[in-house]
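Listed below are the residues making up each chain.
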Amino acid sequence: MSSPHGIEEDDLEKGSNSSVERDVLKPLRPTTSHHVVSSHVIDPANRLPIEYRTMSIHVDTMEQQMRDAKRVPKAGNVKDLSALDWHKISVVEAVRRLSVSPQSGLDAAQCARRLATDGKNVISPPPSHLFMRILGWIFGGFGSLLLAAAIVCFIAWKPLGDPPQASNLALAVVLLLVIVIQAVFNAWQSISTSRVMASIQSLLPASVTVLRDGSQKAVPAAELVVGDLVMISMGMKIPADLRIIDGAGLRFDRAILTGESEPISGTVDKTDENILETKNIALQGTHCVAGSGVGLVIQTGDNTVFGRIAMLSANSQASLTTLQRELLRFVVIIASLASAVAILIVILWAAWLRRSFPSYINVPNLLIDVVSVMVAFIPEGLPVAVTISLAKVASSLSKHKVLCKSLSIVETLGAVNVLCSDKTGTLTKNQMHVEDCAVFDQTYTAPSFKSRVQAESGTNAAENLAQLAAVGAICNAASFGAATSEKEERPVIGDATDTAILKFSDSISSADETHGSWTDVFKISFSSKTKFMLKLSKLSSFATGRPAPLASWDNVEQDCYLLTSKGAPEVLLPRCQYVINPAGGQPLLLTSVQTARIAQVQEHWASQGRRVLLLARRVIPSALIPAKVKVDDFEFEEAINELHTGLIIVGLVALIDPLKDDIIETVKVCRGAGIRFLVVTGDHPATSVAIASQAGIISNPSTIHHAKDLNAKLPVEQVLKYDYPDKDGRALKSIVITGPELAEISETQMYQLVQYDEIVFARTTPEQKLTIVKAFQKQLNVVAMTGDGVNDAPSLKAADIGIAMGSGSDVAREAADMVLLDSFSSIVVALEYGRLVYDNLKKTVLYLLPAGSFSELMPVVLNILIGVPQMLSLTSSQMIIICVATDVLPALSLCLEKPEQGLLLRKPRNVHTDRLANWRLLLHAYGFLGVLESLCAMTMSFWYLQRQGVPFSELVLGFGNWPSLTAEDLNRAQSVYFVTLVVMQWGNLLSTRCRRLSIFQHKPSGNWYIFPAMACALAIAAFFSYIPFFQSTFLTRGVPVEFYFIPVTFGIALLVLDELRKLCVRTYPRSFIAWLAW
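An unreviewed UniProt entry lists the protein chain under the name Sodium-potassium ATPase, with Sistotremastrum suecicum HHB10207 ss-3 as the source organism. Regarding the protein chain, the UniProt comment filed under Subcellular location (unreviewed entry) reads as follows: "Cell membrane".

Right, dumping it as structure tokens:
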């Protein structure tokens, strides 16, 4: 039997007889290192869920998804991460639990049994579901209806045909061809929507060095088993989840999982309760960038953290975009109508025609009538038009430096009504510079501070003032690069904040000289979690005297250390005990009064949109620094953190990150389009409000609300809901709320919060960004999230559409649905195209329905109801020619229409009420355009037969008794109907391309594609009508020349009538006709 950890009972017995004590865990070192190569690649379509790449986020969410996952790994159900305790137990307990000797490792028999039980150490490839995808391409949309119609045609041909009619066979073949064409376009769109930027590569090294049978040996990574002792060396990729049992100077790069740019140290003991954050666990897929050590394999294959994430991605079901939901709804409507009419025809035939006119319609002809209904209702050209339209829009957006990772996601942007934007790098340039500084409560501009230091040179005041520049240069992750020429300014390598402070410090005194006096010993990098940076330094051998920031009053001993720190004032102030005296001399004891004066400076600068950082330092005697603990060990970091108190404040700096040049206009356009533009940032609330005010996101900062203004006792039904345009005088206008406040508010207060028009979320954490997105989605908003940082990735994926900046992190770009490769203002172009593609698809549907649906249905209905010759006006083959051939090119030309005036001045589409094919559009298509086209086409057909000596009176109510009608006359009359519809569609095309505007306001010259499309439609109709092969196959015929020109007048009349309707809508917007307008 296997233990809960996959270990055999005899292994446990063997381990229990072993004397495993901590003193026998002798350090083991790898003797070789092995290069890492790619051994397996996960399908890009099943990408790594980015929300779990920031490992401290959503452990509970990850566990919940694992509980909900249906796919079970081969080793059994995956445990919750919270149940894993490998990082909490001692090394002795870990090796005892896995029955492994730390001196000899596992033996061959143990390895064989465990490999047979747990399987190989590989990530199970996700199922491709290719067969199901192919079925979806074929039967998706209208495919299932068309296939059913084709089967019915085959049955009508044989065995029911007596004799079999070739036209029925031809119709079945044509329907199958249509299905194939639709499947090809569906496949193209499906392949195009795969997320090409997401992939998981190089999961495992090819081989690793392990300790087995008392000796080190190289084994394939896939054959690792739980309990193996792996030799960790610099440069190797971790092959499985390891518990570190011994190590020296280990550092791991976790960027593939967490996005963290800084490597973290590896320790033997636990540093965090969270297994994803503790440093004594080396996770599969991460790199060892420094040091060496030994790791105990605790999880392999699908059971590793990496494997669990891959499993979640394989099980995740992509939700439908708004466009896909609309198309599905349209398919359901059309299928329901077609089925209802077909059933009605069968009922009429069975209850009435079969008894009253038994020789009129036999079973094969009835089946063809049913097929004709299906063919008539289904706009077969729609899938082609939709796919090509979306591909054209995506191509156009790429020219504007907008990358769409999904074709159908473009339309979602057009429905967005809430846009959550990060501040730094999105609204601002991320090009900071120090604007102001302060020593205690004396404030200076950057140039005036430099002048003051120079003016006070040689005095005690200068000694104190210069410490600000020195600490800014030492506690800094940026560095100067080499200039390519003497005149060129030296480049700075580092992030925007450190770069700005380094340049400021260098302008006061040489940063290189300051650096040269100190040697870095240890540092803690800035993170959004700690909000400070710390550096421990020691005087270098080149230092002379007391280099800055040391002062004459410092109690300095030989080999002392300097601790410098910079970060958010509210974080560092509690750690400070003194503040530099700008007048010179000993530092001042920090009292509550002095703390308030410093905080006042901070608030003043923050209200002006500046980012404020506090700089502090402390001289630490060497006796307080642990001598026997290695710098890379966690114990050393803990010791330094304990010494990170009693600091002396050397000053404050205020940095300005200017707005991007186009951001004010971008915000103006977005807000004019009815989109709530929200700021979600980790910055100080006053800074965030100031930047939002400058950008036009906050209208009046003086009247802004805060968390205390949210009434916890106010009933939800009494809250005034937000609606665009916002009502004047509505109390819920502007609000700023911080992350800690957001965590404390009730559900009622959250409901009030999301009703505000202008919102700034400050000091938010990544978890809260997700909470914000979901809170707005809960109120049926369509939410877009922009961002460029690692911390933005979870919310980018959770939003309806995630928009990443091209200059942002790889993690954010992979999580997003859309990437802005250039300017942020390109989001306006994407927004316009998102609305345009939906408008143009509505026009396409409206164009296809009258001739491609209603006018094709009427002949079938009249054949049943008034007994005119079967398919008098149109054959099923001609219906398909109209839908798939003659109508497709004009429909595609509509997809290329430019926006009508005011496209970005109307409110966003309500995805729950504003449908692609609502009752108004169907009424206009069937009740207005369809009726006109059907009446005109039937009139032309009956007129042609009248001229051939077959009067209408002989045809109506004939029910099969038409003595004067010949097959040739019938075929030619059907072709007249066919040509009339094709020509009248010209008028439909010219009228449908404008929803509200006149043809003289939205001129056809704006889209020259419509004219070649019209000509091609007529040419295709003529091609099928005059080629002998098609005449014999589809029963088409050439028509007299007058039947080409008379329909032109009908098309013009249709256009004039629609122009009058639009004029009435524009002139009387509250009229009944305007209410009916589509």
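Enquirer: Help me out: how do you make sense of the environment of Ile1046 in this one?
Expert: Its location among the elements puts Ile1046 in helix 36 (residues 1042–1067). By relative accessible area, which is 25% here, Ile1046 ends up partly exposed. A C-alpha to C-alpha distance of 9.7 Å links Ile1046 and Met984, two positions 62 residues apart in sequence. Excluding residues within four positions of it along the chain, Ile1046 makes contact with Met940 and Trp943.

Enquirer: Is there a simple way to think about the sheet that holds strand 21 (residues 676–680) in this case?
Expert: Two orientations exist for strands paired in a sheet by backbone hydrogen bonds: parallel and antiparallel. Judged by pairing direction, the sheet is mixed, and its eight strands sit side by side in the order 8-26-25-24-9-21-23-22 without closing on themselves. Only two strands of the sheet have a single neighbouring strand rather than two, namely strand 8 (402–404) and strand 22 (734–738). Ignoring strand direction, the axes of neighbouring strands in this sheet form an average angle of 20 degrees. Pairing geometry for strand 9 (residues 418–421) and strand 21, over four bridges, is parallel. Paired with Cys420 across the two strands is Leu678, which belongs to strand 21. Most of the contacts of helix 22 (residues 685–695) go to strand 23 (residues 758–762), to which it runs at about 145 degrees, and overall it touches strand 21, strand 22 and strand 23.

Enquirer: Explanation requested: the packing of aromatic side chains in the structure shown.
Expert: Each aromatic ring pair is characterised by the separation of its centres together with the angle its planes make. By the definition in use, this model includes 19 aromatic pairs. Where Phe522 meets Phe636, the ring centres are 5.3 Å apart and the plane angle is 70 degrees; that geometry is what we call edge-to-face. Here Phe636 lies in helix 20 (residues 634–643) and Phe522 lies in strand 14 (residues 518–524), a separation of 114 residues in the sequence. With a centroid separation of 5.3 Å and 55 degrees between ring planes, the pair formed by Phe1023 and Phe1030 is classed as tilted. Its relative accessible area of 43% is what places Phe1023 among the partly exposed residues. Members of the aromatic cluster, joined through ring pairs, are Trp352, Phe357, Tyr360, Phe959 and Trp962. In this arrangement the basic side chain of Arg97 is found over the ring face of Trp86, its NZ or CZ atom lying 4.9 Å from the centre. The residue whose ring lies beneath Arg354 is Trp349, and the NZ or CZ to ring-centre distance is 5.8 Å.

So, how was this worked out
Residues numbered from 1 in each chain as written. Predicted model: local features only at pLDDT ≥ 70, side-chain atom pairs only at ≥ 80, totals over all residues. Heavy atoms only, no water. UniProt positions renumbered as here; feature names shortened; annotations may be inferred. Helix = DSSP H or I, 4+ residues; strand = E, 2+ residues; numbered from the N terminus. Buried < 20%, exposed > 50% of the residue type's maximum accessible area, 1.4 Å probe, protein only. Contact = heavy atoms within 4.5 Å. Pairing = 2+ DSSP bridges. Axes fitted to C-alpha atoms, helices over the stretch in contact; angles between N-to-C directions. Phe/Tyr/Trp six-rings, centres within 6.5 Å; stacked < 30°, edge-to-face > 60°. Lys NZ or Arg CZ within 6 Å of the ring centre and 35° of its normal.

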